[in-house]
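# Coordinate analysis (summary)
What follows is each chain in one-letter form.
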Amino acid sequence: MDRYIAVIGAGGWGTALANLLSKKGYNVRVWVYLKEEKEELERNHENLHFLPGIKLEEGIEFSNDMEYCIKGALCVVSAVPSKAVEETAVKIAKYIDIKSQKLVTVSKGLDANTQERISQVICRVIPGVDVAVLSGPSHAEEVARGMITTNVAASASDETAEFAQEIFMTDYFRVYTNNDIIGVELGGALKNIIALCVGV
C-alpha cells in the first residue's frame, strides 16, 4: 500500500494496533515519546514493557519525529494515555491536514481536569478534525496474540465510522460501526468502575 498509517503512542494498545495494521498490509509509522524507547523497539522489535514475548512486524517504523509520522498519512491513530491526550493533540495539530486526514482515537478515559471525553478534548484542540473513536472490551495483549476481539468504531459521521472500520477490521478483530460516540466513549471510560462496583 502506498500510503501509511501513523500511530501516535507506543504503549501496549498503540503497539498492538500497529502490529495488527502491519499484518493487514499497511505501512505503519509509530511515534514514540522517548528516544531510548524508540531505540529499544528498533533493537528488539518487541515492546518489552507492555507486550513482552510478542515479536512485532519487521515493517513497522519507529520514530521520535511526529511530523515524519503524520505528514501524508492515510490516517492518524492517537493511542496515548488519557492524561496525555491534550498535550499530544497540541502537537498533532501542527502537522495534521484536517481537510484530507482523519483521526482515530483509541484512548479510554476522561480528562482529569475538565471531565471531557477524549474526542471532545481532541476536537477542542484541533477544531474541524474528522474524528472517530475505536473502543470496546479488548486487551492489548490479546489483540497482539490474534485472539478474537470485537470493537466499535463510533463517529458523528457514518462515513468516518466506516472508514475506521475498514482500516482496522481483520478476521480476528471485528469492528462494528455506531454513531453514539458519547455512549461508546463513556462505556470505555466507566467499564472498569462499573465492574468493580458489581464485584463489591
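Report on the accompanying structure. Note that this is a predicted model, so its numbers are computed, not measured.

About the thresholds
Numbering of residues starts from 1 in every chain and runs along the sequence as written. Under the rules for a predicted model, residues below a pLDDT of 70 receive no local features and side-chain atom pairs below 80 are neither given nor counted, while totals for whole chains, interfaces and linings still include all residues. Side-chain calculation: all heavy atoms of the structure are included, whereas hydrogens and water are not. A run of H or I in DSSP becomes a helix once it reaches four residues, and a run of E becomes a strand once it reaches two; helices and strands are each numbered from the N terminus. A radius of gyration in this sense is built from C-alpha atoms; the matching globule rule multiplies 2.2 Å by the number of residues raised to 0.38. A simple rule labels every residue: compare its accessible area, found with a 1.4 Å probe on the protein chains alone, to the largest value its type can have, and call it buried under 20%, exposed over 50%, or partly exposed in between. Here, residues are in contact when the closest pair of their heavy atoms is within 4.5 Å. Each accessible area value is a Shrake-Rupley result obtained with a 1.4 Å probe; residue values ignore everything except the protein chains displayed when judging cover. When DSSP locates at least two bridges between a pair of strands, those strands are taken to pair. Angles run from 0 to 180 degrees between N-to-C directions of axes, and those axes are lines fitted to C-alpha atoms, restricted for helices to the stretch in contact. Nonpolar cores were defined as sets of buried Ala, Val, Leu, Ile, Met, Phe, Trp, Tyr and Cys residues, with membership established by side-chain atoms within 4.5 Å. Here roughly perpendicular refers to angles of 65 to 115 degrees, roughly parallel to angles under 35, roughly antiparallel to angles over 145, and oblique to all remaining angles. Classification remark: right-handed applies to a crossover when, strands pointing away from the viewer, the course from the first strand over the helix to the second runs clockwise.

Per the secondary structure count, the chain includes eight helices and eight strands. A globule of 200 residues ought to have a C-alpha radius of gyration of about 16 Å, and the chain, at 16 Å, matches this closely. When the backbone C-alpha atoms are referred to their principal axes, the chain occupies close to 40 × 40 × 35 Å. The 200 residues of the chain split such that 50% are buried. By sequence separation, contacts in the chain at least 24 residues apart represent 69% of the contacts at least 6 residues apart. Summed over all atoms, the accessible surface of the chain reaches about 9900 Å², with 52% contributed by carbon and sulfur.

The strand order across the open sheet built from eight strands is β3-β2-β1-β4-β5-β6-β7-β8, with neighbouring strands paired in mixed fashion. The open sheet terminates on both sides in strands that have one partner only, identified here as β3 (61–63) and β8 (173–178). Pairs of neighbouring strands in the sheet enclose a mean axial angle of 25 degrees, with direction left out of account. Here strand β6 (residues 130–135) pairs with strand β7 (residues 149–154) via three bridges, running antiparallel.

The next subject is the nonpolar core. The nonpolar side chains of soluble globular proteins are, as a tendency, buried together. By size, the foremost hydrophobic cluster in this structure holds 37 residues, and its most contacted members are Leu21, Val30, Leu134, Phe168 and Phe173. When residues of this core are traced back to their parent elements, those giving at least two are β1 (4–8), α1 (12–24), β2 (27–31), β4 (75–78), β6, α6 (140–144), α7 (158–168) and β8. Tallying contributions element by element places α1 first for this core, with six residues. Beyond its immediate stretch of four places on either side in the chain, Phe168 contacts Leu17, Leu20, Leu21, Lys24, Val77, Val104, Leu134, Phe173 and Val175. Listed in part, the 22 residues of the second largest apolar core include Trp31, Ala73, Ile96 and Ile122.

Looking now at the packing of α1 against α7. Any two packed helices are characterised by the angle at which their axes cross and by the distance between the axes. In contact at an axis separation of 9 Å, α1 and α7 are set at 75 degrees when each is read in the N-to-C sense. Classified by the angle their axes make, α1 and α7 are roughly perpendicular. Between α1, through Leu17, Leu20, Leu21 and Lys24, and α7, the contact on the second element is made entirely by Glu166, Ile167 and Phe168.

Relative to β8, β7 runs parallel, the two being bridged by six bridges. Residue pairing across strands places Ala154 opposite Asn178, the latter belonging to β8. Taken together, β7, α7 and β8 constitute a β-α-β crossover, and its handedness is right-handed.

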